[in-house]
Amino acid sequence: MAAPLVSVICIYRDAEAFLDEAIASVLAQQGPAFELLLVDDGSRDASANIAARRATEVPPGQVRCLAHPGGENRGMSASRNLGLAAARGE
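Residues numbered from 1 in each chain as written. Predicted model: local features only at pLDDT ≥ 70, side-chain atom pairs only at ≥ 80, totals over all residues. Heavy atoms only, no water.

Asks: Help me out: how do you make sense of the overall build of the protein in this one?
Replies: A count of helical and extended segments in the protein gives three helices and three strands. Listed by position from the N terminus, the elements making up the protein come as β-α-β-α-β-α. Relative to the compact-globule value of 12 Å for 90 residues, the protein shows a C-alpha radius of gyration of 12 Å, a close match. Summarising its shape, the C-alpha atoms of the protein cover approximately 35 × 25 × 15 Å along the three principal directions. Each of the 90 residues in the protein was classed as buried or not, and the buried ones make up 33%. Surface summary for the protein: the accessible area is close to 5,200 Å², and the carbon and sulfur share equals 54%. Within the protein, one finds 8 positive and 11 negative side-chain charges whose respective centroids are separated by 4 Å. (Helix = DSSP H or I, 4+ residues; strand = E, 2+ residues; numbered from the N terminus. Rg over C-alpha atoms; globule rule 2.2 N^0.38 Å. Buried < 20%, exposed > 50% of the residue type's maximum accessible area, 1.4 Å probe, protein only. Areas by Shrake-Rupley, 256 points an atom, 1.4 Å probe, with all protein chains shown as cover. Lys, Arg positive; Asp, Glu negative; His and termini not counted. Charge placed at Lys NZ, Arg CZ, Asp CG, Glu CD.)

Structure, rendered in structure tokens:
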């Protein structure tokens, strides 16, 4: 995948009821090349499985799944920062 113009960071924790719909909403967007970074903040439900499945349904590199070491819950700020550190968009 070419370098994305836009990086979308979606942090989540125990969001299996809404995550698939949120991902679909981002993937339906038209416009400049983008990447979607899905950052798990210590989920204990099926959220990480949903994210991993959706990442396989698009071109490689467009959706990337991230998590804190050991699957820890570190909070929203740390999760956003993890996404920012991995972002490749302009």
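Asks: Please explain the sheet that holds strand β2 (residues 34–40) as it appears in this structure.
Replies: Strand pairing within a sheet occurs via backbone hydrogen bonds; the two strands may be parallel or antiparallel. Within the open sheet, the three strands sit side by side as β1-β2-β3. Their pairing is parallel. Strands at the two margins of the open sheet, each flanked by one partner only, are β1 (6–12) and β3 (63–67). For this sheet, the mean inter-axis angle between neighbouring strands, taken without regard to orientation, is 20°. In this structure, β1 lies alongside β2, joined through seven bridges in parallel fashion. Its bridge partner lying in β2, Ser7 is registered against Glu35. Together, β1, β2 and β3 form the strand contacts of helix α1 (residues 19–27), whose direction differs from that of β2 by roughly 165°. Packing of helix α2 (residues 47–55) onto the sheet brings it into contact with β1, β2 and β3, and relative to β3 it is tilted by some 150°. (Pairing = 2+ DSSP bridges. Axes fitted to C-alpha atoms, helices over the stretch in contact; angles between N-to-C directions. Contact = heavy atoms within 4.5 Å.)

Asks: Honestly, unusual backbone geometry in this entry has me stumped. Any pointers?
Replies: Leaving glycine out, the prevailing phi sign among residues is negative, and the prevailing peptide bond configuration is trans. Backbone geometry places Asp14, a non-glycine residue, at a positive phi of 50°. Counting through the fold element by element, Asp14 comes out in the loop between β1 and α1. Assessed through its relative accessible area of 37%, Asp14 is described here as partly exposed.

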